[in-house]
Amino acid sequence: MPVGCGSAPGGMRCRVHPALLLLLALLMLVSRDWYPQLHSLLINVIFIFKVSTVNSTRQENDDLTNQTKVGFGIHRLLRRSKRRWVITTLELEEEDPGPFPKFVGELFNNMSANMEIIYLIRGPGVDEYPEIGLFSIEDNVNGKIYVHRPVDREKTPFFKVYFDVANRLTGHIVDKSLIINIRINDVNDHAPEFPEKEFNISVKEDHAAGQPVFQMLAVDLDQENTPNSQVLYFLVSQTPVLRESGFRIDRVSGEVRLSGCLDYEMAPRFTLLIGARDYGHPPLSSTATVHVHVQDSNNHMPRFTQDHYNIQISEGWANQGVLRLGVQDGDSPSTAAWRVKFNITNGNEEGHFDVSTDPETNEGILNVIKPLDHETQPAWSLVVVVENEEPLFSCEGGQLQRPQQASASATVSVRVTNANDPPTFHPGTFIVSEVDGAGPGTQLGMFNATDPDRTAGQIRYKLAYDPANWVSIDERSGVVITVKPVDRESPHVNDSIYVIIAHAVDDGVPPQTGTGTMLLFLSDVNDNAPMLRPSSQHLEVCQSAGDKPLLIEAEDSDLEPYSNPFTFKLDSTWGDTEDMWRLGENRGYSVELLMQRTLPLGDYSVPLLIGDKQGLSQKQTVHVRVCSCPDGFTCAEPLVGRAGVLPGALVPLCVAFLALAAALLLLLRCHLVSEAKGQGRSVPQDEGIQTLIAWNEESRADPPQGRSYLRDHMPALSISPAEAGAKLGAKVWLDTAVPRGPQEMRAGVMAEVLRQQLCGIHDPEGDLGYPPHVYAEEGECEQADSLSSLTFSEHDLPPDLLDSLGPKAAPLEEIYSQSAFRS
């Protein structure tokens, strides 16, 4: 046992290995020159001793744990066993130059005393990543470890290697594996490195002294927190070297700061060579180049090229660019330090002027944004100042300063020349009020305009905008008078306001025109009774849905308080309306209509009296169709298919009536021509394609001697059977639908009378004394066995029938006129 201490009766017992004492004496006698050579040997010896010492110590500890076990009267002494492996650490120098293979250390296992053994090694550095074949055992007989090449600590800082001992004959492992950590000691083999060899940075000219500009950073790959990886920064050189300005670098952080002030005009660029060095032995270093670009800042105040300007401007106009103000600046063009901005500090209290900047020339452009008035102010004096967009700075004693005065000024004298100004209305827009429906001759108000030139010129007024042609204006006084009744419901009135615009023209050279506006507010009167909405005039209801209410809506063109809420009431004077219908809930602008009982299918007219809030009412009729609904919801026949109910049904009736008039006109002209020749003339049936059959006269009549109008001879209006037969020798088919409306009613009455007289003729009551003439027909008229009297009185037709039918009905007047003469 090399070194060991144990407990014994009476105190501690220690033993010292003689070889250790010899080694210590040798170390005391060896000179310093031999110390490096012996260093490696000493490590190996200590390692061997350490293994032996640890084994001995652990063996004695095992002895202390042995105890005698007693059982059933039998005593057995336990045998102690020795530890055979020690977990330890080996160290190698990084980048060791060799020679290789180089001895690293030796391991020993005492199993060799009982059998022939071999040593095995495995793990990283032997047969595994990151390096294979780096370590080996000499011949497997002893535990000597060798390294075969240099090791890079930055790549692999340590290796964890496994050692085994096996029986040489059987190859079986006879002991547990020993784990050894082989640590690589760092050497200073890496210099600090910058990310790039060259850097380009920019710094403003007004950068303050002592403030950081940028920071350099170098990386050393040697072991961290050792002198080999600690970096020291230093400034190698600066180009150019100026006394007023320069750069310095912090040795630890690498932060570069400015000393003094920069001057773009003197030195727009600097080149710095910066070094980084570590603390290793020997120290290693590297350098990088930094190009510092100085950005121009505002250290030159702008100045006007002249201090005073004189211009003339005509009144009444807004002009752009009436004057250009030149400016000089010593900073770099097209930069914020060179660009300027202008401001009018005095003389522009009313906001007539402004100054913009020409971005190309940096000149100021004076503009007139509000027209000037010679009579109000004939002269102006403007003070214009100019300054840079970027704040001005200066350098004093190596420190930045902000000067109190950073702008220059110039004076602009403006003289306003006189011109003919347009008349001015006082006020330009005003409101007048009048009741709705005011008649002609009502004075609404008066326009008032004056000439700002203050001359004795005359002003003429004229209307410029009167869309409904309601008013007139007096040319001299400007008084506005109505020439037509005003109507608040006119489409030219918006929100009860009717706009009237007038012009005032002076007699200057050239004449000038001013514009004034009158807003006519029409206060509403109750001149409109409520009416049914178009959607409520024709309704449908299923016969099976007797309890379903119909919603009837009304509207009123008047405003409050002459509109809703409305009152709804059934007109009880019309038949049995109240027996069939009743009104439900009144919602102010609508009411519910319900059937009193289930009504037969058909069309019904429901009369209503609808009144507004003030009691003004009128009678309205709701047309209700009670229909059958196979599905319980929809009428079998749509509402639009009923003739005589919707306005679209009147179109075929008008077409039929015009065809009737054209046929009558053609027949009458042919008849008049034949009477003028004194005898009838048959029309050959083979002359082209005929639309009317040939006909003959039953009796002759005198030719007409002139033309008269129906309205002058209505009391004598009559048509004899013979004349009707001669003039209407072809049958005419008419629509039997009865139209709605006054004019349509007149046309319907006439059509119905003619149909009854032409197609519903009976035999004459008396004998005429000659046989009637038989006419050739294309077809048979319904119930037309013979001709009968076609005479009807003026009471059968309205008096103004033909006047309301238009110019196409003029030929009918001849028929009635001739009949009137003959009667």
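Residues numbered from 1 in each chain as written. Predicted model: local features only at pLDDT ≥ 70, side-chain atom pairs only at ≥ 80, totals over all residues. Heavy atoms only, no water.

(A) Focus on the overall build of the protein. Counting secondary structure elements, the protein contains nine helices and 46 strands. The buried share of the protein, taken over its 823 residues, is 38%. Of all intrachain contacts in the protein linking residues separated by at least 6 positions in sequence, the fraction that spans at least 24 positions is 67%. (Helix = DSSP H or I, 4+ residues; strand = E, 2+ residues; numbered from the N terminus. Buried < 20%, exposed > 50% of the residue type's maximum accessible area, 1.4 Å probe, protein only. Contact = heavy atoms within 4.5 Å.)

(B) Quick look at the pairing of strand β36 (residues 479-482). As judged from the three bridges shared by strand β32 (residues 443-446) and β36, these two strands associate in the antiparallel manner. Following the sheet pairing, glycine 445 is matched in β36 by valine 480. Bridge analysis of strand β35 (residues 471-473) against β36 gives three bridges, and the strand direction is antiparallel. Along β36, the bridge assignment pairs isoleucine 473 with valine 480. Joining the antiparallel neighbours β35 and β36 is a turn of five residues, in which glycine 478 adopts a positive phi near 80°. (Pairing = 2+ DSSP bridges.)

(C) Looking closely at a nonpolar patch on the surface. Judged by side-chain polarity, Leu217, Val219 and Leu221 come together as a nonpolar surface patch covering roughly 300 Å² of accessible area. Within the secondary structure, leucine 221 is located in the loop between β13 (212-215) and β14 (231-239). (Patch = residues over 30% accessible without salt bridge, like charges linked within 9 Å, V, L, I, M, F, W, Y side chains within 5 Å. Areas by Shrake-Rupley, 256 points an atom, 1.4 Å probe, with all protein chains shown as cover. Salt bridge = Lys/Arg side-chain N within 4 Å of Asp/Glu carboxyl O.)

(D) Representation of the state of the cysteines in the model. This model, assessed by the stated rule, comprises three disulfides. Here cysteine 261 connects covalently by a disulfide to cysteine 395, the sulfurs 2.0 Å from one another. Between cysteine 261 and cysteine 395, the S-S torsion sits near 85°, and that sign places the bridge as right-handed. You can see cysteine 261 sitting in the loop between β16 (255-260) and β17 (269-278) and its partner cysteine 395 sitting in strand β27 (residues 394-396), a full 134 residues away along the chain. For cysteine 261, a relative accessible area of 7% puts it in the buried group. The partner cysteine of cysteine 627 in its disulfide is cysteine 635, sulfur to sulfur 1.6 Å. When the S-S torsion is -45°, as for the bridge of cysteine 627 with cysteine 635, the disulfide is left-handed. According to the relative accessible area criterion, cysteine 635 is buried, its value standing at 13%. (Disulfide = S-S within 2.5 Å.)

(E) Representation of the sheet that holds β35 within the structure. On the basis of which strands lie adjacent, the open sheet formed by three strands has the order β32-β36-β35 and antiparallel pairing. Edge strands, defined here as strands with exactly one partner in the open sheet, are β32 and β35. Here the average twist between neighbouring strands, direction ignored, is 20°. (Axes fitted to C-alpha atoms, helices over the stretch in contact; angles between N-to-C directions.)

(F) Focus on the sheet that holds β16. With antiparallel pairing, the three strands of this open sheet are ordered in space as β13-β16-β15. Bordering the open sheet on either side are β13 and β15 (245-249), each of which pairs with just one other strand. Pairs of neighbouring strands in the sheet enclose a mean axial angle of 25°, with direction left out of account. Bridge count for β13 against β16 is three bridges, and the pairing is antiparallel. Within β16, the position partnered with glutamine 215 by the bridge is glutamate 255.

(G) Focus on the pattern of salt bridges. Evaluation of the coordinates by the stated rule reveals 21 salt bridges. Across the pair glutamate 553 and arginine 533 runs a salt bridge, and its minimum N-O distance is 3.9 Å. Of this pair, glutamate 553 sits in strand β41 (residues 550-555) while arginine 533 sits in the loop between β39 (531-532) and β40 (538-542), and the two are 20 residues apart along the sequence. Look at glutamate 553 and you get partly exposed, because its relative accessible area is 22%.

(H) Structural detail: the packing of aromatic side chains. A full pass over the atoms with the stated rule returns 11 aromatic pairs. Taking the centre distance of 5.3 Å and the plane angle of 75° together, the rings of phenylalanine 135 and phenylalanine 159 count as edge-to-face. Pair noted here: phenylalanine 135 is in strand β8 (residues 135-137) and phenylalanine 159 is in strand β10 (residues 158-167), with a separation of 24 residues, a long-range link. Assessed through its relative accessible area of 2%, phenylalanine 135 is described here as buried. Taking the centre distance of 5.3 Å and the plane angle of 75° together, the rings of phenylalanine 430 and phenylalanine 447 count as edge-to-face. (Phe/Tyr/Trp six-rings, centres within 6.5 Å; stacked < 30°, edge-to-face > 60°.)

(I) Spotlight on the side chain of glutamate 592. You can see glutamate 592 is positioned in strand β44 (residues 590-595). Only 3.1 Å separates the side chain of glutamate 592 from the side chain of arginine 587, close enough to count as a polar contact. When sequence neighbours within four positions are dropped, the list of residues in contact with glutamate 592 reads Pro549, Leu550, Arg582, Leu583, Gly584, Glu585 and Arg587. (Polar contact = N/O pair within 3.5 Å; in protein donor to acceptor, adjacent residues only side chain to side chain.)

(J) Inspection of the nonpolar core at higher detail. Counting 24 residues, the largest nonpolar core has Phe304, Phe353, Leu366, Val412 and Val414 as its most contacted members. Residue contributions to this core peak at five residues, all from strand β29 (residues 408-417). Not counting residues up to four positions away in its chain, the partners in contact with leucine 366 are Ile311, Gln320, Gly321, Val322, Leu323, Ile344, Phe353, Asp354, Val355, Leu382 and Val412. (Core = buried A, V, L, I, M, F, W, Y, C linked by side-chain atoms within 4.5 Å.)

(K) Expanded view of the environment of isoleucine 497. Structurally, the position occupied by isoleucine 497 is in strand β37 (residues 497-505). With sequence-adjacent residues up to four places away left out, isoleucine 497 is seen in contact with His492, Leu519, Leu520 and Phe521.

(L) Local environment of the pairing of β15. Among the five residues of β15, four are classified as buried, and the element is accordingly described as predominantly covered. By the bridge criterion, five bridges tie β15 to β16 in an arrangement that is antiparallel. Residue pairing in the sheet places isoleucine 249 in a bridge with valine 256 of β16. The antiparallel hairpin formed by β15 and β16 contains five residues in its connecting segment, where glycine 254 sits at a positive phi of about 75°.

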